[in-house]
Amino acid sequence: MSWYTPDPDFTQSQLMGVELENFNFLQSYLDKLDEQEETTEAATQAVSAAQAPAVSAAPPVVYHTILYCNASDYATLRTAPSRSAGAICTLGYNTPVTLLGTSGEFYYVSYNGTNGYVLAEFFSYNSYPEKNYGSGSTGGSSSTTSSDPVYYCCASDYATLRSSASRNASALARITYNEPVTYLGASGEFSYVSYNGTKGYVLTKFLSESAYPDKNYDEY
């Protein structure tokens, strides 16, 4: 169009997920047209040219956008686009992920070969972004919300709330049988929880979704 002028400052990071999906779709369609034209041209060439080795068309160029976690604490990679969906892992500040798509308030991303969903509000197109001290329902705040799931201690005696996701980490508190904790995320064999206002890590095997659960008599 006569009114169109290219933007010399344009960068790939300005595109949103749906725009990238549209671009990749159009690019793949154009590549298929190119392949068809090459096939038609080859069929009309001389026998000598037809005997030349066939050259495969280059595969479509797929552009992926890298996002960076801007949560002040962490964001949670989940199995579904829901704040109550199961946690796959937690992503700390400035952790990079690959944007694959969008679903409502969530981004569908890839992290270290694992795909899942993260809240879009906790991710930025810029590395080392300004920190987001948001709602905290999937990480990123010192508070918890009503959407955070509640679990109950199933240890026969008590479970130890620790300062990090290690059995050797310092103890912050003891959580006795059937005491509730607020689940915030996962890290290996540990769950990241809030207990009486204190955040820490507790072995997941000592937590249950049900109140007054069957007791776990493991010593550790």
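See the structure above.
So, how was this worked out
Residues numbered from 1 in each chain as written. Predicted model: local features only at pLDDT ≥ 70, side-chain atom pairs only at ≥ 80, totals over all residues. Heavy atoms only, no water. Buried < 20%, exposed > 50% of the residue type's maximum accessible area, 1.4 Å probe, protein only. Helix = DSSP H or I, 4+ residues; strand = E, 2+ residues; numbered from the N terminus. Pairing = 2+ DSSP bridges. Salt bridge = Lys/Arg side-chain N within 4 Å of Asp/Glu carboxyl O.

Peer 1: It is not clear to me how the pairing of strand S1 (residues 65–69) should be interpreted in this structure. Could you clarify?
Peer 2: Successive residues of a regular strand alternate their side chains across the two faces of the sheet. Taking every second residue as pointing to the same face, the buried face of S1 carries Thr65, Leu67 and Cys69, while none of Ile66 and Tyr68 on the other face is buried. Of the pairings in the sheet, the one linking S1 to strand S4 (residues 96–103) comprises four bridges and is antiparallel in character. When the sheet's bridge partners are listed, Ile66 is paired in S4 with Thr98. Direction of pairing for S1 relative to strand S7 (residues 123–124): antiparallel, over a ladder of two bridges. Bridge pairing in S7 places Cys69 opposite Phe123.

Peer 1: Could you clarify how one ought to interpret the pattern of salt bridges in this entry?
Peer 2: It is possible for side chains bearing opposite charge to pair when their charged atoms get close. Enumeration over the complete set of coordinates arrives at four salt bridges. With its nearest N and O atoms 3.2 Å apart, the salt bridge here joins Lys205 to Asp218. Pair noted here: Lys205 is in the loop between strand S13 (198–203) and strand S14 (207–208) and Asp218 is in the segment after S14, with a separation of 13 residues, a long-range link. Look at Asp218 and you get partly exposed, because its relative accessible area is 39%. Through salt bridges that share partners, Arg83, Glu105 and Glu121 make up one connected network.

Peer 1: Would you mind showing me how to read unusual backbone geometry here?
Peer 2: The phi angle of most residues is negative, glycine excepted, and most peptide bonds adopt the trans form. We note that Asn94 has phi near 70°; this positive angle belongs to a residue other than glycine. Checked against the element boundaries, Asn94 lands in the loop between strand S3 (87–92) and S4. Exposure remark for Asn94: the relative accessible area of 13% places this residue in the buried category. A positive phi is found at Tyr212, a non-glycine position, where the angle reads about 50°. Tracing the backbone through its elements, the reader meets Tyr212 in the segment after S14. Residue Tyr212 is classed as exposed on the basis of its relative accessible area of 64%.

Function cannot be read off these values alone, since they describe shape.
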